[in-house]
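Each chain, written out:
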Amino acid sequence: MNNNKNVMESDKLKDSNAIRHEFSMAMSSMYQSEVPLYGDLLDLVAEVNTEVLTQHSEIKEQLEHTGEIDRISMERHGAIRLGTAAELHMMRRLFAVMGMYPVGYYDLAPAGVPVHSTAFRAIDTQALNQSPFRVFTSLLRLDLIDDEVLKKEAVAVLANRQIFTANAISLIERFEEKGNLTLEEGKQFVKEALETFRWHDKTPVSKKLYQRLSEQHGLIADVVAFKGPHINHLTPRTLDIDTVQQGMLAKGIPPKAIIEGPPKRDCPILLRQTSFKALEETVSFKNPEGDYEQGHHTARFGEIEQRGVALTPKGRSLYDQLLNQSREQLGVTPNEDNAVEYYQILENAFEAFPDDYRTLHDEGLAYFYYQAVNDSPYPSSSDSELNLDSLEESYSDDSISKQTMTQLIEKGVVRFEPIVYEDFLPVSAAGIFQSNLHDDKQSSYKGNSNQNEFEKALGVHVYDELALYADQQAESLHKCLFRLKYSI
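To keep things clear, this report deals only with the structure shown in the data block. (Residues numbered from 1 in each chain as written. Predicted model: local features only at pLDDT ≥ 70, side-chain atom pairs only at ≥ 80, totals over all residues. Heavy atoms only, no water.)

1. Some thoughts on the layout of surface pockets
Formally: For each structure, a 1 Å grid was placed over the protein atoms alone; sets of points admitting a 1.4 Å probe that cannot get out are labelled cavities, open sets with protein on both sides within 12 Å along at least five of seven lines are labelled pockets, and lining residues have an atom within 4 Å of a point. Grid points are joined across faces, edges and corners, and a volume is the space filled by probe spheres set on the points. Numbering of helices and strands starts at the N terminus; helices are DSSP runs of H or I of at least 4 residues and strands are runs of E of at least 2.
Here the second largest pocket is characterised by a volume of approximately 550 Å³. Elements supplying a minimum of two residues to the lining of the second largest pocket: helix 4 (57-66), helix 12 (241-250) and strand 12 (302-307). The element that contributes the greatest number of residues to the lining of the second largest pocket is helix 4, accounting for 5 residues.

2. Observations regarding the sheet that holds strand 5 (residues 134-140)
Stated formally: By this definition, two strands are paired if DSSP reports at least two bridges between them. Helix axes are fitted to C-alpha atoms over the stretch in contact, other axes to C-alpha atoms as well, and angles between N-to-C directions run from 0 to 180 degrees. Whether two residues are in contact is decided by their heavy atoms: any pair within 4.5 Å suffices.
Spatial strand order, 3-4-5-2-8: 5 strands in an open sheet with mixed pairing. Sheet topology places strand 3 (101-107) and strand 8 (233-236) at the edges, where each strand pairs with a single neighbour. Neighbour-to-neighbour, the strand axes of this sheet turn through a mean angle of 20°, independent of strand direction. Here strand 2 (residues 76-82) pairs with strand 8 via 4 bridges, running antiparallel. Residue pairing in the sheet places Gly 78 in a bridge with Leu 234 of strand 8. Contacts between helix 3 (residues 36-55) and the sheet are confined to strand 2 and strand 8, with strand 8 contributing the most and set at about 10° to the helix.

3. Here's the deal with the pattern of salt bridges
Heads up, the rule is: Here, a salt bridge means any Lys or Arg side-chain nitrogen found within 4 Å of an Asp or Glu carboxyl oxygen. Note on classification: 1.4 Å probe, protein chains only; a residue is buried when its accessible area is under 20% of the maximum for its type, exposed when over 50%, partly exposed between these limits.
Considering all chains together, one arrives at 28 salt bridges under this definition. The closest approach of N and O atoms between Glu 260 and Arg 327, which form a salt bridge, is 3.4 Å. Separated by 67 residues along the polypeptide, Glu 260 in the loop between helix 12 and strand 9 (271-276) and Arg 327 in helix 13 (residues 313-330) bring together distant segments of the chain. Residue Arg 358 is joined to Glu 410 by a salt bridge in which the shortest nitrogen-to-oxygen separation is 3.5 Å. Of the two residues, Arg 358 is situated in helix 15 (residues 357-362) and Glu 410 in helix 17 (residues 402-410); the sequence distance between them amounts to 52 residues. The class for Arg 358 is partly exposed, based on a relative accessible area of 27%. Classification of Glu 410 as exposed rests on a relative accessible area of 55%. One continuous salt-bridge network, built from bridges that share partners, spans Glu 68, Arg 71, Glu 75, Arg 134, Arg 237, Glu 305, Arg 307 and Glu 422.

4. Thoughts on the nonpolar core
The test is simple: What makes a nonpolar core is a set of buried Ala, Val, Leu, Ile, Met, Phe, Trp, Tyr and Cys residues whose side-chain atoms join them at distances within 4.5 Å.
Of all hydrophobic cores here, the largest spans 72 residues; its most connected members are Leu 213, Tyr 319, Phe 353, Leu 360 and Val 414. Excluding residues that lie within four positions of it along the chain, Leu 360 makes contacts with Arg 265, Cys 267, Ile 269, Val 309, Phe 353, Pro 354, Leu 365, Ala 366 and Phe 368. By size, the runner-up hydrophobic cluster in this structure holds 55 residues, among which are Val 35, Val 48, Ile 80 and Phe 197.

5. Quick look at the sheet that holds strand 10 (residues 280-286)
Pairing is mixed across the open sheet formed by 3 strands, whose spatial order is 7-10-11. Where the open sheet ends on each side, the last strands, each with one partner, are strand 7 (202-203) and strand 11 (292-298). Two strands pair when backbone bridges link them, and strand 7 and strand 10 are joined in this way by 2 bridges, in the parallel orientation. Bridged to Lys 202 within strand 10 is Ser 284.

6. Observations regarding a negative patch on the surface
For the record, the criterion: In this scheme, patches are assembled from residues that exceed 30% relative accessible area and form no salt bridge. Like charges are connected within 9 Å, while nonpolar side chains (Val, Leu, Ile, Met, Phe, Trp, Tyr) are connected within 5 Å. All accessible areas in this document rest on Shrake-Rupley with a 1.4 Å probe, and a residue is counted as covered only by the protein chains that are shown. All tallies of charge rest on Lys and Arg as positive and Asp and Glu as negative; His and the ends of each chain are not included. For the purpose of locating charges, the reference atoms are NZ of Lys, CZ of Arg, CG of Asp and CD of Glu.
A surface patch of like charges, here negative, comprises Glu 58, Glu 61, Glu 64 and Asp 70. Mapping Glu 64 onto the fold places it in helix 4. The exposure class of Glu 64 is partly exposed, given its relative accessible area of 43%.

The values are spatial; any link to function lies outside them.
Right under this line is the structure:
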């Protein structure tokens, strides 16, 4: 009987969403033990989120309507940096086991960081609400190293490392062959995959080589000089980043000077980020003789993010225009010496960006979910303002006139709620990286963006994040129209 029970247990399959959730929690626990300040940050964010939800019922209600309320406390994004195309290719396969796919292409070289990147995440609403874990994954652009001798040394170092355990690779291959993992295999996968992201304080390179890499760029040293792509930050989601920023100071956690992204708004858009300054950590560098020499490395930090509504191409174009305008007016990189001036410039510029959801919706600047309001009776067919025939016809092709939708919203039959931005901003990411690497020698790198090479290394095309948001909005409209059709 017991044997039969064991066989039945071993045959049970582990859902990719569940594997992703367990991995994200294991990653958070590991990073908290490695970087204790991260634990303090989690406590602060939890306090602020509880206060916001208690004091602002409209925010709580909005999160309940979009299904996000339960995910806020467990939401994390992490970041890693890879050295070779082969590492990126296997990492894509590893994340696929957890239902995470490459979304977006980010070239950070124009902002002075020699990498290009993507974000691995779930891509549908239900999976995101079950586990919104994301990993911003960067690939070092060795072609941007201008010292040919150093470049060859970096290539040789990277060629000699294996960042995945043999068991992790075996489980990835089994998933690809079978399309799933059993409960036990899922448990083993989480354990084995975690090793790729673990911190190692002993390096395979000499202190001299590390210093030469650092002189090129701190991020180059962080990628090349270590055994693997240690997680360099994990990021909880807050509902009020300005309060967290002040709370960090009060708790003795040193924050970076500038909150990256748009200014504080009544209706948050896209993504705002801040972090505590990177730790200086003791590292042992391996000399050619085989012994170790002590030194220090600075890269790992704690980050906080506040997410707002995803913008349409029209909205994103306006955002980019206003952000560029603000930075050009400041004339230098935002930092602690000009923070007050920069915030004022930013706020003044963004007065041109509507700050209420209705205008964002009506002007097509942002993406929204459409939801039928259950307790609102549908207007009778005698209501001359509404074309019910148009609504019936619209269900077949997911289209509806703007006039009819406006009337349904105004009568309380339909509500719209913001679709949260799940992705990243290259300028903000570069600002976080540069701040925590203390590296401002390089303002930009020459060379064209190379999405084709990046996707060749991945082995797949990246998803277009704007298309995903448009699909989410269209799907919600489809479901909304279906419910209204059968309530007429």
